Each structure stands twice: as C-alpha cells, then as structure tokens.
Amino acid sequence: MAQKGVQLDRETFSCSICLDLLKDPVTLTCGHSYCMKCIKSHWDTEDEKTVYSCPQCRQTFTARPDLRKNTMLANLVEELKKTGLQAAPADHCYAGSEDVACDVCTGRKLKACKSCLFCLISFCEKHLQPHYEIPAYTKHKLVEPSKKLQENVCSRHDEVMKMFCRTDQQSICYLCPVDEHKGHDTVSAAAERSEKQRELEVSRQNIQQRIQDREKDVKLLQQEVEAINGSADKTVGNSEKMFTELIRLMEKRRSDVKQQVRSQQQTEVSRVRELQEKLEQEITELKRRDAEMKKLSHTQDHNQFLHDYPSLSPLSESTHSSSIKIRPLRYFEDVTAAVSEVRDKLQDVLREKWTNISQTVTEVDVLLSQPEPKTRAEFLKYSCDITLDPNTAHTQLLLSDGNRKVTVTREIHPYSSHPDRFTECCQVLSRESLTGRCYWEVEKRGGVCVAVTYKNISRAGRSNECVFGRNDKSWVLDYFLNRYNFYYNNVKTPVSGPRSSRVGVYLDHRAGILSFYSISETMTLLHRVQTTFTQPLHAGLGLLG
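An unreviewed UniProt entry annotates the protein chain as Tripartite motif-containing protein 16-like originating from Labrus bergylta.

**Student:** Tell me about the sheet that holds strand β7 (residues 142–143), and name the residues and values.
**Tutor:** Remark on secondary structure: sheet strands pair via backbone hydrogen bonds, oriented parallel or antiparallel. Strand order in the open sheet formed by three strands is β6-β5-β7, and the pairing between neighbours is antiparallel. Since the sheet does not close on itself, it has two edges, and those belong to β6 (121–123) and β7, each with one partner. When strand β5 (residues 114–116) meets β6, the two strands line up antiparallel, connected through three bridges. By the bridge assignment for β6, S115 is matched with S122. Where helix α4 (residues 125–133) meets the sheet, it contacts β5, β6 and β7, and its direction lies at approximately 105° from that of β6.

**Student:** A description of the side chain of H394 should follow, citing residues and the corresponding values.
**Tutor:** Here H394 lies in the loop between α10 (376–380) and β11 (397–400). You can call H394 buried: its relative accessible area is 5%. Side-chain polar atoms of H394 contact the backbone oxygen of T423, separated by 3.4 Å. Setting aside residues up to four positions removed in sequence, H394 forms contacts with Y415, F422, T423, E424, C425, C426 and Q427.

**Student:** Mind laying out the pairing of strand β13 (residues 427–434), listing which residues take part and the relevant values?
**Tutor:** Of all eight residues in β13, six are buried; the element is thus mostly enclosed. Bridge count between β13 and strand β22 (residues 537–542): five bridges; the pairing is antiparallel. Paired with S433 across the two strands is H538, which belongs to β22.

**Student:** Tell me about the environment of V505, residues and numbers included.
**Tutor:** Inspection of the secondary structure puts V505 in strand β19 (residues 502–508). Residue V505 is classed as buried on the basis of its relative accessible area, which comes to 0%. Sequence spacing of V505 and F379 is 126 residues, and the spatial spacing of their C-alpha atoms is 9.4 Å. The residues contacting V505, other than those within four sequence positions of it, are C438, Y439, W440, V450, L514, S515 and F516.

**Student:** Please provide a residue-by-residue account of the layout of surface pockets, values included.
**Tutor:** Roughly 820 Å³ of volume is contained in the largest pocket. Taken together, 27 residues line the largest pocket, and the ones lying closest to its centre are R404, K405, E441, V442 and E443. Of all the secondary-structure elements, those providing two or more residues to the lining of the largest pocket are β12 (405–408), β14 (437–443), β15 (448–454) and β22. Tallying contributions element by element places β14 first for the lining of the largest pocket, with five residues. Its residues placed into classes, the lining of the largest pocket shows 14 nonpolar, four polar and nine charged.

So, how was this worked out
As a convention, each chain's residues are numbered from 1 in the sequence order in which they are written. Totals for whole chains, interfaces and linings use every residue, but because this is a predicted model, local features are given only for residues with pLDDT of at least 70 and side-chain atom pairs only at 80 or more, for both listing and counting. By convention in this description, side-chain values take in all heavy atoms of the structure and omit both hydrogens and water. For two strands to be treated as a pair, DSSP must find no fewer than two bridges joining them. For the purposes of this entry, the term helix denotes a DSSP run of H or I that reaches at least four residues, the term strand denotes a run of E that reaches at least two, and both are numbered from the N terminus. Only heavy atoms matter for contacts: two residues are in contact if any of them lie within 4.5 Å across the pair. Every axis in this analysis is a line fitted to C-alpha atoms, fitted for helices over the stretch in contact. Angles between the N-to-C directions lie between 0 and 180 degrees. Under the scheme applied here, a residue whose accessible area is under 20% of the maximum for its type counts as buried, over 50% as exposed, and between as partly exposed, the area being computed with a 1.4 Å probe on protein chains only. By the criterion applied in these results, polar contacts are pairs of N or O atoms within 3.5 Å in which, for protein atoms, one can donate a hydrogen and the other can accept it, and in which residues neighboring in sequence qualify only through two side-chain atoms. Throughout, the protein atoms alone are placed on a 1 Å grid, and a set of points is a cavity if a 1.4 Å probe fits but cannot get out or a pocket if it is open with protein on both sides within 12 Å along at least five of seven lines; lining residues have an atom within 4 Å of a point. Grid points are joined across faces, edges and corners, and a volume is the space filled by probe spheres set on the points. Polar here means any residue other than Ala, Val, Leu, Ile, Met, Phe, Trp, Tyr, Cys and Pro, which are nonpolar, and Asp, Glu, Lys and Arg, which are charged; Gly is therefore polar.

In structure tokens:
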C-alpha cells in the first residue's frame, strides 16, 4: 500500500505534456502545473493566436500568462526524487502523441501492443488477453499497432474491406461487387497480396543481383586504378631512364612526357573513381529500396500492404552496364615504346615523332566497355588529321593540297631517293602513326585501296610482302570494277554494301577494332575486323598505276 501511495504521488507531480516528473514547475491560475519548458513550447505554437489555453482544462487566457516557478512544488518534486524512483513504472506504458493508444482504456490510455483487423480497435497488453484466452477470438487477425484501422472499412457499406478490385486497383468490401464494382475483376485481399508479394520478391531478387553486380564492378574498378597507377609509374621510370641518354638534346621533352603521363594518369584515375562513386551510390540506393520493399513485404495488414504498394516508385534502369569488362591492357607502355623509338632515331623524333608520343599518352582509355560510335557525329569526335608522307609515295603518285590529296599519273615524279619509298607498288603511307581511337574519311574517284599497315611493311619490289592486304602486316578494303573486297594476309573476302564516293575508317587500336563504312546520307558498315594490333599503325592508300 505504501508503494501504491508513492506511485499516486508521482502521477500527481508529473507534467501532463511530457509525462515525466515536473522540472521547474509553474502553476497556472486554473491550478494545473507543468514544466516551464513544456508549457512555453506548447504556447509557442499558439503565438499567432490571441488566446492561450490550459492543455488540460482548456481554460483560456486573453494575454499570455507570466510564468513563475512554483518554489513549493519544486521542493516537493525534489523530495520525491530522493526516494530513488525517478519515474513510476507505468509512466512508460502510457501512450504519447506518437503512440497508438489502447481503445479500451478509460482515462489516461496505455500504449497499444496489437491492433485487431476484425475488431478494428487497438489493445494494450491487459485488454488484449481475451484474444489469447477466449476461443471465439482465435480467428481474429492481430497486427502491429496501427492508427489507420479505419482505412480498412468501406466508406460506402461500413464493412471491413477483405477484397480487392483489380479493375480499379483498390480495396473493397464483399458488398462492393454487387453495385459499384459490378462485373469487375475482384479477388480476395489475401490472394492479391500473395500475387503482389511474388512481384515484390522478384523485384528484390533483381535489386540484390544488381547490388552483387555493382559490388563486383567496384572491385574491378579498384583493381583498374591499381593497374593504371602501376603502369603509369613504370612508364615514367622507363621514360626517365631513356631520356637521360638524350639529356642534352631532349631535356624539355623528357619533362613534357612526365607531365603528360601524370596528368593523364590523374585524368583516368579520376574517371574510374567517378564511376566507382556512382556505382557505390547506386548500391546505397538499391539497398535503401530493398529495405523499403522488405518492410512492405513484412506488413501483416493486407489492405495496408495493398494501399502502400502503388507508392513504390518503379525501379529505375541502371545507368551503367551490368558488368564492366576490363581487358588486360598495357596502358602507358605504348609511351615507353614510342620513347624507345625516339632514343634510336633522334632526328625523326625532333621532326615528327614528338606528336606521336604526346598522342599516345592522351589516348590512354581505361573504360573499354564504352560502346562504339553509332552516328557520324559520334565518329567525328575521334577524327584525326591524316597527311601523306612524300618519302613513302611511289614515283607515279602526285601529292597535293598540303599532302592530303594523292593522284596517280603516267609521268614519273622526281622524288629524292629514300628507303621508305614504295618502289613498284602505287602506294603511300600517312606521316602520322595511329594508336588509340581514330577516325578518318577518304574521298575517292575511281578505284582505290584504303588500308592500315604497320610501318615495317616491305617497300621494294612487287612481292606480296609489299602489297597492302597480301601479308600479315596490313589490312585493306579495295574498290575496283565497282565492287568491294577486303584483304588480309592474302585472303580475299567479298564485301557487299552501297557504293559511295566516300569511305570512313574507324580504328580502336587498343580494342583491336578496324571498321570500314560507306558514307552518304547515312553510315553503312561495310566490313569490321576484330584482332590484336601489336604495333602502331599507319593509314595507307593504293591506286592503279
């Protein structure tokens, strides 16, 4: 009995707003007491009004009362605290503003622990016991406490909605199919829930699979970063050693190569990091969506489930490929090869090879999973300037227009003797070597061979080792007698396609892709090669002499 008296006292000295013992108690003229902070916060929400009221008895005050601490009440509360019981055990069971209250309790209501979908009311532990003890209640459906029980009642017939109209996509009661939903496709709420649950599980499986795919992609990208850094570091080291041999003549170029490699290294790493971050963000979002779906899938209330299910936004399409395929690459090693060539041929480097080194560095492209261009505008992004090398031109070929145009003539042109010149075949190579992604177009009049070739193709004589496409060092699309043929290693492949005056050539050196297109109002693929290029390539043209 003594303990019960203490609990009654504690309830008396509790603030009806925070339900805790009074802190800095103040007493209104109506006699009710509150924590000073609680009543101030309550009235702060009413500042736009001209009348203030007591939260318990609703007595109004035309002016906001001047609050003063009730010293006597404060002392009593302090004495009460000294008992060692800081709050009555039942206080934590009372329903607050955010809780679902027991509908059976009178006076100060306790928190509900379950809601009954049959009774459409919520129960505290005490008032819930009949549902466990009385057989008549055993078929009632108990769910977690809910404030939305009335949403389960049909507003038209005042009956519990245990059916679902698939035609109108809404919950209905058993009387709705008689009038408003007559002739509609209706099923039980449980059946519709089961169907939606299966869809939900499929969506979750898709999300979980995407999470796994993205995590694999992130791991691959991390490995890619390490490979780029390792390759770049190795290239810088090798370049430094080779440039040391040419220090007096190549000091400036050495510094430039180092700076370009580091800059491109940073650029490529940044690109990978950016995609990695996007994938990690997608993983986070997918996990959040999965958590939402999981929470919804565990909802015990069929109608609540069906009510909330449409609010799930459709799963967005992945912004990235389902799997990032990283091929073994040499990254910056082509720079090392170019620098080695510079070391061996210093005069050529000073005249033309520096451009090759710079281009090789900037064309390091890590994300090879990027699709090939589709439109001419996309191809032109990789457009490169091709100039023809007079030192390689056969003596019957006349170069003009800044060495961008070649014409076959009957007369012999007085070119100087040079070991790179084709002596018997009417062929010419580009001055530029080609690596990375390149695109160029050839405007043709009459028969012509459009080729790519390694620089070490033979030049003297008419043997197959000198002719474009008749050896393993060159690939060529020729157009003679109004028909296309492709040659590689002396193997002929007839090619069909629209005739046009312009041929486009797309080269992805690192991916080993070589494609020829007929250019008119649209681009039409004539022939595509997938191989492995082991050396830088040069563009080539061949004409009938």
